[in-house]
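Residues per chain, in single letters:
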Amino acid sequence: MCGIIGYIGKDLTAKSVDLGIEALKRLEYRGYDSSGFAFWNAKEKKIFSQKAVGKIASLEEKLDYGHTDHANPIILHTRWATHGGVTEKNAHPHCDCHQNIWIIHNGIIENFRQLKRQLENEGHLFTSETDTEVLAHLIEKYFVGNLEDAVRAALVHIEGTYGLAVIARDDPDKIVAARLSSPLLIGIGNDEYLLASDPSAVIARTRKVIYLDDGEVAVIGRDKFSIIREKKPQEIDWSQGDFDKGDYPHYMIKEIMEQPETLENAIKGRLIPEEGNARLGGLDLVEKKLRAVNKAYIVACGTASHAGLVGEYMFEEYAEILTKTEAASEFRYRDMLLDKHSVVIAISQSGETADTLA
Ligand code: GLU
């Protein structure tokens, strides 16, 4: 899952493309393979879109500033491909047959094959290999002038996970957003709203945010927004510096150099040096159950699964429990012979790894 940004505000001439791209760059640390955006030009009454493979800098190189002066609302995305190769066509946003509905999406639409077949039979033409594109055509199918109604009608048919943002040429003064197992928040600024999949993207403009909950749909207008369930804003208590690269040239080196501090934070308050022991709060609540465990699976992807492999050795050595680390993408589709004496430990650095969540 990768990055979502949206911007809508009262000032139609706000530098929304620049600030959108700036916000997108704040999500670069999560990794991505391509990027793109679409915006409504309120003067020309048209939606413009641009996509690029690779770095956000490649997207910037393609920017046509001739149309960006009245770009509002705008949605921007960094993609980490799950379905379909890393190509410009597969980069988000995706649109419907009539270039009315434009959508960006984080997550996986599990039943996309079946939906795509149905929609193709009904005459919809697909231009990408992504699972996301079915959302655009499904929303098109239900669209009769009101975007949120169409999005809500479409989502009824979706199985899978999503954080998404949609704009429409024929209902242009809003962004409709929705989430299910993929984070999204609304940043409340001065006469403007930002939408983001990660607070680090909005912190430069506002600290007042509303986190969407699973199953919620938000309709964000130029001067008001509504969510199915009203929630109180929370204050972000991190500082800008927590998200910056600091003096490091890129995030990976920053994370490597921060390892001593990260380890220190992770074990803070958990070590009992005088006993040469550690205490992991919470585990004692399930102590009885844990003592009955004879088999452990560690489920993770990427770096987290490498951490799992280290854990595997430790579990076997110190707890004498047979342990196996399995890629989350495989675990989902295998019969792992779990019984009441098995324990599954899922690890995700971001907390959003789609396969691990599933
Ligand atoms: N499943 C979508 C795709 O492959 C979204 C991937 C993402 O979360 O970036 O395009």
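Quick note: structure is the one above.
Residues numbered from 1 in each chain as written. Predicted model: local features only at pLDDT ≥ 70, side-chain atom pairs only at ≥ 80, totals over all residues. Heavy atoms only, no water.

Remarks on the overall build of the protein
Reasoning step 1: Along its length, the protein carries 11 helices and 19 strands.
Reasoning step 2: The globule rule puts the C-alpha radius of gyration for 358 residues at 21 Å, and the 22 Å found for the protein is close to it.
Reasoning step 3: Viewed in the frame of its principal axes, the protein has a C-alpha envelope of about 70 × 50 × 40 Å.
Reasoning step 4: In the protein, which comprises 358 residues, the proportion classed as buried is 48%.
Reasoning step 5: Partitioning the contacts of the protein with sequence separation of at least 6, the portion at a separation of at least 24 is 66%.
Reasoning step 6: Taken as two groups, the 42 positive and 56 negative side-chain charges of the protein have centres that lie 3 Å from each other. (Helix = DSSP H or I, 4+ residues; strand = E, 2+ residues; numbered from the N terminus. Rg over C-alpha atoms; globule rule 2.2 N^0.38 Å. Buried < 20%, exposed > 50% of the residue type's maximum accessible area, 1.4 Å probe, protein only. Contact = heavy atoms within 4.5 Å. Lys, Arg positive; Asp, Glu negative; His and termini not counted. Charge placed at Lys NZ, Arg CZ, Asp CG, Glu CD.)

Observations regarding the site of the ligand
Reasoning step 1: If you check the shell around the ligand, you find 15 residues, and the closest are Arg-79, Thr-82, His-92, Gly-107 and Asp-131.
Reasoning step 2: Measuring from an oxygen atom of the ligand, one finds a side-chain N or O atom of His-92 at 2.8 Å.
Reasoning step 3: Contact between the ligand and Asp-131: a nitrogen atom at 2.8 Å from a side-chain N or O atom of the residue.
Reasoning step 4: Relative to its free-state accessible area of 300 Å², the ligand is covered by the protein chains to the extent of 100%.
Reasoning step 5: Secondary structure elements with two or more residues in the shell around the ligand: strand 4 (71-79) and strand 6 (101-106). (Near = heavy atom within 4 Å. Polar contact = N/O pair within 3.5 Å; in protein donor to acceptor, adjacent residues only side chain to side chain. Areas by Shrake-Rupley, 256 points an atom, 1.4 Å probe, with all protein chains shown as cover.)

Re the packing of aromatic side chains
Reasoning step 1: Enumeration according to the criterion identifies 5 aromatic pairs in this entry.
Reasoning step 2: Ring centres of Tyr-29 and Tyr-251 lie 5.5 Å apart, and the angle between their planes is 55 degrees; this geometry places the pair in the tilted category. Highlighted residues: Tyr-29 in the loop between helix 1 (16-26) and strand 2 (34-41) and Tyr-251 in helix 6 (residues 251-257), separated in sequence by 222 residues.
Reasoning step 3: Tyr-29 sits in the partly exposed class, given a relative accessible area of 30%.
Reasoning step 4: For Tyr-251, a relative accessible area of 15% gives the class buried.
Reasoning step 5: Measuring from centroid to centroid gives 5.2 Å for Tyr-193 and Phe-225, while their planes differ by 75 degrees, and the two rings are edge-to-face. A residue pair is termed long-range when its members are at least 10 positions apart, and Tyr-193 in strand 10 (residues 192-196) and Phe-225 in strand 13 (residues 225-227) qualify at 32 residues.
Reasoning step 6: Grouped by ring-pair contacts, the aromatic residues Phe-37, Phe-39 and Phe-48 constitute a single cluster. (Phe/Tyr/Trp six-rings, centres within 6.5 Å; stacked < 30°, edge-to-face > 60°.)

Describing a nonpolar patch on the surface
Reasoning step 1: A surface patch of nonpolar side chains, amounting to about 460 Å² of accessible area, comprises Leu-280, Leu-283, Leu-285, Val-286 and Leu-290.
Reasoning step 2: Its location among the elements puts Leu-285 in the loop between strand 16 (277-278) and helix 8 (287-291).
Reasoning step 3: For Leu-285, a relative accessible area of 76% translates into the label exposed. (Patch = residues over 30% accessible without salt bridge, like charges linked within 9 Å, V, L, I, M, F, W, Y side chains within 5 Å. Salt bridge = Lys/Arg side-chain N within 4 Å of Asp/Glu carboxyl O.)

Focus: the side chain of Ser-200
Reasoning step 1: Assignment of secondary structure puts Ser-200 in the loop between strand 10 and strand 11 (208-211).
Reasoning step 2: Here Ser-200 falls in the buried class, since its relative accessible area comes to 0%.

Quick notes on the packing of helix 3 (residues 112-121) against helix 4 (residues 133-142)
Reasoning step 1: Interhelical geometry of helix 3 versus helix 4 gives an angle of 45 degrees and a closest axis separation of 10 Å. Classified by the angle their axes make, helix 3 and helix 4 are oblique. When you trace helix 3 past helix 4, the crossing you get is left-handed. Together, Phe-112, Leu-115, Lys-116 and Leu-119 of helix 3 and Val-134, His-137, Leu-138 and Lys-141 of helix 4 make up the contact between the two elements.
Reasoning step 2: Residue composition of the contact of helix 3 with helix 4, grouped by class: 5 nonpolar, 1 polar and 2 charged. (Axes fitted to C-alpha atoms, helices over the stretch in contact; angles between N-to-C directions. Parallel < 35°, antiparallel > 145°, perpendicular 65-115°, else oblique. Left-handed = near helix turned anticlockwise from the far one by under 90°. Nonpolar A, V, L, I, M, F, W, Y, C, P; charged D, E, K, R; others polar.)

Some details on the pattern of salt bridges
Any two side chains of opposite charge can pair, on the condition that their charged atoms come close.
Reasoning step 1: Summed over all chains, the structure comprises 19 salt bridges.
Reasoning step 2: With a closest N to O distance of 2.6 Å, Glu-88 and Lys-62 form a salt bridge. One end of the pair, Glu-88, is in the loop between strand 4 and strand 5 (94-95); the other, Lys-62, is in the loop between helix 2 (56-61) and strand 4, with 26 residues separating them in the sequence.
Reasoning step 3: Judged by relative accessible area, which is 32%, Lys-62 ranks as partly exposed.
Reasoning step 4: Salt bridges linked by common partners bring Arg-30, Asp-198 and Glu-352 together as one network.

Examining the side chain of Glu-192
Reasoning step 1: Relative to the helices and strands, Glu-192 is located in strand 10.
Reasoning step 2: Within polar-contact distance, the side chain of Glu-192 engages the side chain of Tyr-7 at 2.7 Å.
Reasoning step 3: At a separation of 2.7 Å, a polar atom in the side chain of Glu-192 contacts the side chain of Arg-205.
Reasoning step 4: Here Glu-192 is in contact with Tyr-7, Ile-8, Gly-9, Gly-187 and Arg-205, once residues within four sequence places are set aside.

Some words on the sheet that holds strand 13
Reasoning step 1: Read from one edge of the open sheet, 6 strands run 5-6-7-8-12-13, paired in antiparallel fashion. Each having just a single partner strand, strand 5 and strand 13 make up the two edges of the open sheet.
Reasoning step 2: In this structure, strand 7 (residues 162-168) lies alongside strand 8 (residues 175-180), joined through 5 bridges in antiparallel fashion. From the neighbouring strand, Leu-164 faces strand 8, where its bridge partner is Ala-178.
Reasoning step 3: Packing of helix 4 onto the sheet brings it into contact with strand 5, strand 6 and strand 7, and relative to strand 6 it is tilted by some 140 degrees. (Pairing = 2+ DSSP bridges.)

Considerations on the sheet that holds strand 10
Reasoning step 1: One open sheet holds the 8 strands; their spatial order is 3-2-4-1-10-9-11-14, and the pairing between them is antiparallel. Strand pairing shows two members of the sheet lacking a second neighbour, strand 3 (46-53) and strand 14 (234-235), which therefore form its edges.
Reasoning step 2: Relative to strand 3, strand 2 is paired through 8 bridges, and the arrangement is antiparallel. Counterpart to Ala-38 in the pairing with strand 3 is Ser-49.
Reasoning step 3: Against the sheet, helix 1 makes contact with strand 1 (3-9), strand 2, strand 4 and strand 10, and its axis sits at roughly 25 degrees relative to strand 4, the strand it touches most.

Just distances and angles here, no functional claims.
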